[in-house]
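Fold and contact review
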Amino acid sequence: MSDTRRRVKVYTLNEDRQWDDRGTGHVSSTYVEELKGMSLLVRAESDGSLLLESKINPNTAYQKQQDTLIVWSEAENYDLALSFQEKAGCDEIWEKICQVQGKDPSVEVTQDLIDESEEERFEEMPETSHLIDLPTCELNKLEEIADLVTSVLSSPIRREKLALALENEGYIKKLLQLFQACENLENTEGLHHLYEIIRGILFLNKATLFEVMFSDECIMDVVGCLEYDPALAQPKRHREFLTKTAKFKEVIPITDSELRQKIHQTYRVQYIQDIILPTPSVFEENFLSTLTSFIFFNKVEIVSMLQEDEKFLSEVFAQLTDEATDDDKRRELVNFFKEFCAFSQTLQPQNRDAFFKTLAKLGILPALEIVMGMDDLQVRSAATDIFSYLVEFSPSMVREFVMQEAQQSDDDILLINVVIEQMICDTDPELGGAVQLMGLLRTLIDPENMLATTNKTEKSEFLNFFYNHCMHVLTAPLLTNTSEDKCEKDFFLKHYRYSWSFVCTPSHSHSHSTPSSSISQDNIVGSNKNNTICPDNYQTAQLLALILELLTFCVEHHTYHIKNYIMNKDLLRRVLVLMNSKHTFLALCALRFMRRIIGLKDEFYNRYITKGNLFEPVINALLDNGTRYNLLNSAVIELFEFIRVEDIKSLTAHIVENFYKALESIEYVQTFKGLKTKYEQEKDRQNQKLNSNRFRRDAKALEEDEEMWFNEDEEEEGKVIVAPVEKSKPEDDFPDNYEKFMETKKAKESEDKENLPKRTSGGFKFTFSHSASAANGTNSKSVVAQTTPATSNGSSSKTTNLATSVTATKGSLVGLVDYPDDEEEDEEEETSPRKRPRLGS
């Protein structure tokens, strides 16, 4: 099986008329009992598995193309191809196929493609008329030839016969000689006939004819014939474009003449398919399938030949990274690699794997790191495209490189930080490049495509690296524009001090500006008073929206790392500053970030939000939006509706206790009333739990006393002695304490109603607290002084630890929210019947 003559690739034609590689193996022809006939078997060279088992059907039309290809159809929409490494192997298998079908191996196709409507006519044809008689190739016969070629296109069998006749008689070269004569004589009618003839020959879909037509000798005349479309008033100038406008650039001289010829041929044939020939109709879409295959296999061959020439690729990389290389030359080198990678997309997975491994071995990623920091916009754009091919193919390969790089280099020159810097510094007003780079970053940090092995977990290793070395670069513009001395409304839009001229000046050649120095807060907000103000506020807002989109993705997919980062940087508070933006899309991005956090229903996040009073900017945005019915209004309402439906108790209590008076006038949805109802139901449930616990203790004490009395009565043998029963203290105290509790509660409720402020026409407005201590858990006075129902005497409530979930004031009941700790306390109370209910001191 190691015989290279039998080594083949198996291809199938997909729905997009593209060839898919099914694997490489060795082919044999043998009798298969299950199929009851001679069959083609291909076993994978890697593991010996069966790639193909196909019976050689006596009626199937097999085609031999380009000396090393055998193509056939097994079903109406299932085409197969075997691509042989050597011509000898192809000839050997072709003989086996012809032997089974009783054909002469010299033919290029074993069966005529007959449709049902022609079968009877074909049977009636005399055996001698196997070829179509072609008119003599003369100027006065061009109309007759054109009619013949056009008439056979609807008949598969006649197409095959015409193709065979054209091939055998060398007819195409004679036609092209007539084209030159017609053009010299300016014979317009003859040129129009030649257009129809050549176009019809292309639609015969025969690889053997393509090899003649697309040879160096003939291809330009073929293009010339296709310029004279009768439907056009003036002929096109395709030859002028191909010879004068389109320039073949050799970044490194190509010494292999065969490779050079393949590149020229592929470009010109692609031009014929994409530019010259009209888009085929539904009925013609299969007419050019062989032309598509011709281009496909040419591209595969070009990539393979270049990949095998390591001297050529090494020289390209050497010049690309050489500081002495001039800018024009470097631009051509990068564009070469871009096209090289684009060609590689025609390769199948295993071949593409070898291709990119070759590039990685030669140093494609360090080279990209250099060229992505250059001044030339075209070079950076091409480098980004190359980087996208690499990330799309193997994000793990890129991640492995940057983690190894981090052990040897500073953060400022890491490839990912260079990519982030390019995203931040995109000069396109629509940020097209930044959007592309953001998508690549998201692919790199997506845990779904990270590998987990027994020895190591790529996810934990890479995310640790990213959050330690790269996250500060990504969030720098966001933190800069939301710093505490810039929190006035729209400040970041009016006084944006993010120096584009300083930060976004790409480094030339190797010397990159470091992200840590170029995007750090110290350099931007510090003593540099001459930083330019960004002239395009909309562009700035777009950039911040992109960063927020990436951070929102992190919240959804990175649990531990992003949570620590948000807590340590107080990131949500900074993001919510953007709720003041005049750009609604940016405010919505900030709101979406918070919505994703709340959607996790993580009590750590909930505690962080309530301690920091982070609903303030959201509610302020809702009130500022007024009666406008827009996306911002709907998004805010949906946020609170989610909290209500999911019954997130800690957030419900916080919202009702601190903001309900500002929200109760919103009646076009029942969301806020529903939150109040949920809050009161939970409050009542807690009260009932406390009371039921007390009644259970009292009933238990009474039962014990009764049992004791009956026991003593039996012991006295008929003497009725009623022993004095001392009232248990809980039973004795209960009525008094309960009455005191109810009186205190009623008095407190009336006092709250008197102390609550009346809503003015201007509505409620909250001041956004920027206290870091609130977020870090230390007690701080709430800035929402007028809106807390649980306060007394007009004093501000204290922000307390949500582990006990209490906003405690004098006379109010403790334990409004049910947490696991409460269940433990209930168990303690049941075991200690004399423990009093907890009341506010």
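Residues numbered from 1 in each chain as written. Predicted model: local features only at pLDDT ≥ 70, side-chain atom pairs only at ≥ 80, totals over all residues. Heavy atoms only, no water.

**Topic: the overall build of the protein**
The helix and strand tally for the protein stands at 37 helices and seven strands. In the protein, which comprises 841 residues, the proportion classed as buried is 49%. In the form shown here, the protein has an accessible surface area of approximately 42,000 Å², with 48% of it arising from carbon and sulfur atoms. (Helix = DSSP H or I, 4+ residues; strand = E, 2+ residues; numbered from the N terminus. Buried < 20%, exposed > 50% of the residue type's maximum accessible area, 1.4 Å probe, protein only. Areas by Shrake-Rupley, 256 points an atom, 1.4 Å probe, with all protein chains shown as cover.)

**As for a negative patch on the surface**
A contiguous patch of negative charge on the surface is contributed by D256, E258, E308, D309 and E310. Locating D256 in the fold gives a position in the loop between α9 (238-245) and α10 (257-276). Its relative accessible area of 33% is what places D256 among the partly exposed residues. (Patch = residues over 30% accessible without salt bridge, like charges linked within 9 Å, V, L, I, M, F, W, Y side chains within 5 Å. Salt bridge = Lys/Arg side-chain N within 4 Å of Asp/Glu carboxyl O. Lys, Arg positive; Asp, Glu negative; His and termini not counted. Charge placed at Lys NZ, Arg CZ, Asp CG, Glu CD.)

**Brief notes about the packing of helix α18 (residues 415-424) against helix α21 (residues 471-481)**
Where α18 meets α21, the axes come as close as 9 Å, and the angle between the chain directions of the two elements is 20 degrees. Compared by their axis directions, α18 and α21 come out roughly parallel. In the packing of α18 onto α21, the handedness of the crossing is right-handed. Residues N417, I420, M423 and I424 of α18 lie in contact with α21, whose contacting residues are V473, L474 and P477. (Axes fitted to C-alpha atoms, helices over the stretch in contact; angles between N-to-C directions. Parallel < 35°, antiparallel > 145°, perpendicular 65-115°, else oblique. Left-handed = near helix turned anticlockwise from the far one by under 90°. Contact = heavy atoms within 4.5 Å.)

**Overview of the layout of surface pockets**
What the second largest pocket holds in volume is close to 920 Å³. Lining the second largest pocket are 30 residues; nearest its centre among them are F248, K249, I263, Y267 and E339. When residues of the lining of the second largest pocket are traced back to their parent elements, those giving at least two are α9, α10, α11 (289-308) and α13 (327-344). At eight residues, the largest contribution of residues to the lining of the second largest pocket is made by α13. For the lining of the second largest pocket, the per-class residue count stands at 17 nonpolar, five polar and eight charged. (1 Å grid on protein atoms, 1.4 Å probe; cavity = no way out; pocket = protein on both sides within 12 Å on 5 of 7 lines; lining within 4 Å. Points joined across faces, edges and corners; volume = space filled by probe spheres on them. Nonpolar A, V, L, I, M, F, W, Y, C, P; charged D, E, K, R; others polar.)

**Regarding helix α20 (residues 458-469)**
Between the first and last C-alpha of α20 there are 16 Å, a value that for twelve residues agrees with the 16 Å anticipated at 1.5 Å per step. Against α17 (395-406), α18, α19 (432-444), α21, α26 (537-557) and α27 (560-569) lie the buried residues of α20. (Expected span 1.5 Å × (residues − 1).)

**Digging into unusual backbone geometry**
As a rule of thumb, non-glycine residues mostly have phi less than zero, and peptide bonds are mostly trans rather than cis. In this structure, E186 takes a positive phi of about 55 degrees despite not being glycine. Tracing the backbone through its elements, the reader meets E186 in the loop between α5 (171-185) and α6 (188-202). Residue E186 is classed as exposed on the basis of its relative accessible area, which comes to 68%. One non-glycine residue with positive phi stands out, namely D570, at about 50 degrees. Here D570 shows up in the loop between α27 and α28 (571-576). You can call D570 buried: its relative accessible area is 12%.

**Looking at a nonpolar patch on the surface**
A cluster of nonpolar side chains, Y31, M38 and V100, forms an exposed patch at the surface whose accessible area comes to about 250 Å². With respect to the helices and strands, the residue V100 is situated in helix α1 (residues 87-101). Residue classification places V100 among the partly exposed residues on the basis of a relative accessible area of 31%.

**What to know about the packing of aromatic side chains**
According to the stated counting rule, one finds 24 aromatic pairs in the structure shown. Ring geometry for F296 against F297: centres 5.1 Å apart, planes inclined by 75 degrees, an arrangement best described as edge-to-face. Like F296, the residue F297 is buried in the burial classification. A ring pair is formed by F336 and F340, whose centres lie 5.5 Å apart and whose planes are at 20 degrees; its orientation type is stacked. Linking F336 with F340, this pair stays in helix α13, spanning four residues, or about one helical turn. Seen from the ring of Y605, K563 lies directly overhead, with NZ or CZ sitting 5.8 Å from the centre. Over the face of the ring belonging to F642 we find R595, whose NZ or CZ atom lies 4.0 Å from the ring centre. (Phe/Tyr/Trp six-rings, centres within 6.5 Å; stacked < 30°, edge-to-face > 60°. Lys NZ or Arg CZ within 6 Å of the ring centre and 35° of its normal.)

**Some points on the pattern of salt bridges**
The full count for this structure, using the stated rule, is 30 salt bridges. Between R6 and E92 there is a salt bridge whose closest N-O contact spans 2.4 Å. Placement of the pair is R6 in the segment before β1 (7-13) and E92 in helix α1, with a sequence separation of 86 residues. Among the salt bridges present, the one from E667 reaches K673, with a minimum N-O distance of 3.8 Å. Through salt bridges that share partners, K64, K87 and D91 make up one connected network.

**Brief notes about the side chain of T610**
If you trace the backbone, T610 turns up in helix α30 (residues 603-611). A polar side-chain atom of T610 sits 3.1 Å from the main-chain carbonyl oxygen of R607. (Polar contact = N/O pair within 3.5 Å; in protein donor to acceptor, adjacent residues only side chain to side chain.)

**Quick word on helix α12 (residues 310-321)**
The terminal C-alpha atoms of α12 lie 17 Å apart, and with twelve residues this matches the ideal 16 Å at 1.5 Å per residue to within 8%. When α12 is considered as a whole, its buried residues turn out to be F312, L313, V316, F317 and L320. Along the axis of α12, the buried positions cluster into a sector of 130 degrees, meaning they face one direction only. Buried residues in α12 make contact with α11, α13, α14 (349-362) and α15 (364-371). (Arc of directions from axis to C-beta.)

**Considerations on the environment of V391**
Here V391 is to be found in helix α16 (residues 377-393). Sequence separation between V391 and L440 is 49 residues; the distance between their C-alpha atoms is 6.8 Å. The residues touching V391, leaving out its near neighbours within four places in the chain, are V398, L440, T443 and L444.

**Structural notes on the pairing of β1**
Across the seven residues of β1, five count as buried, placing the element largely inside the fold. Sheet topology note: the β1/strand β2 (residues 19-32) ladder contains seven bridges and is antiparallel. Note that in β2 the partner of L13 across the bridge is W19. By the bridge criterion, five bridges tie β1 to strand β7 (residues 78-84) in an arrangement that is antiparallel. (Pairing = 2+ DSSP bridges.)

**Points about the environment of F340**
On the basis of relative accessibility, which here comes to 3%, the residue F340 falls in the buried class. C-alpha separation for the pair F340 and V303, spaced 37 residues apart in sequence, amounts to 7.3 Å. When residues no more than four places from it in sequence are discounted, the contact partners of F340 are V303, L306, Q307, L313, F355 and L359.

**So, the packing of α17 against α20**
Across the interface, α17 lies against α20 with an axial gap of 11 Å and an inter-helix angle of 50 degrees. Judged by the inter-axis angle, α17 sits oblique to α20. As α17 runs across α20, the sense of the crossing is left-handed. Where α17 abuts α20, its residues S396, R399, V402, M403 and A406 lie against E458, E461, F462 and F465. Residues that form the contact of α17 with α20 fall into these classes: five nonpolar, one polar and three charged.

**Structural notes on the confidence of the model for the protein**
In low-pLDDT segments, the atomic positions of the prediction should not be examined closely. For the protein, per-residue confidence averages 76 on the pLDDT scale, and 71% of positions sit at 70 or higher. Highest mean pLDDT in the protein belongs to helix α29 (residues 584-599) (96); lowest belongs to helix α25 (residues 521-525) (33). Low pLDDT, under 50, characterises residues 752-764; the stretch is placed with 15 contacts to residues that sit more than four places away or in other chains. For the stretch residues 768-841, pLDDT sits under 50, and the model shows 146 contacts to residues farther than four places along the chain or on other chains. (pLDDT = per-residue confidence, 0-100.)

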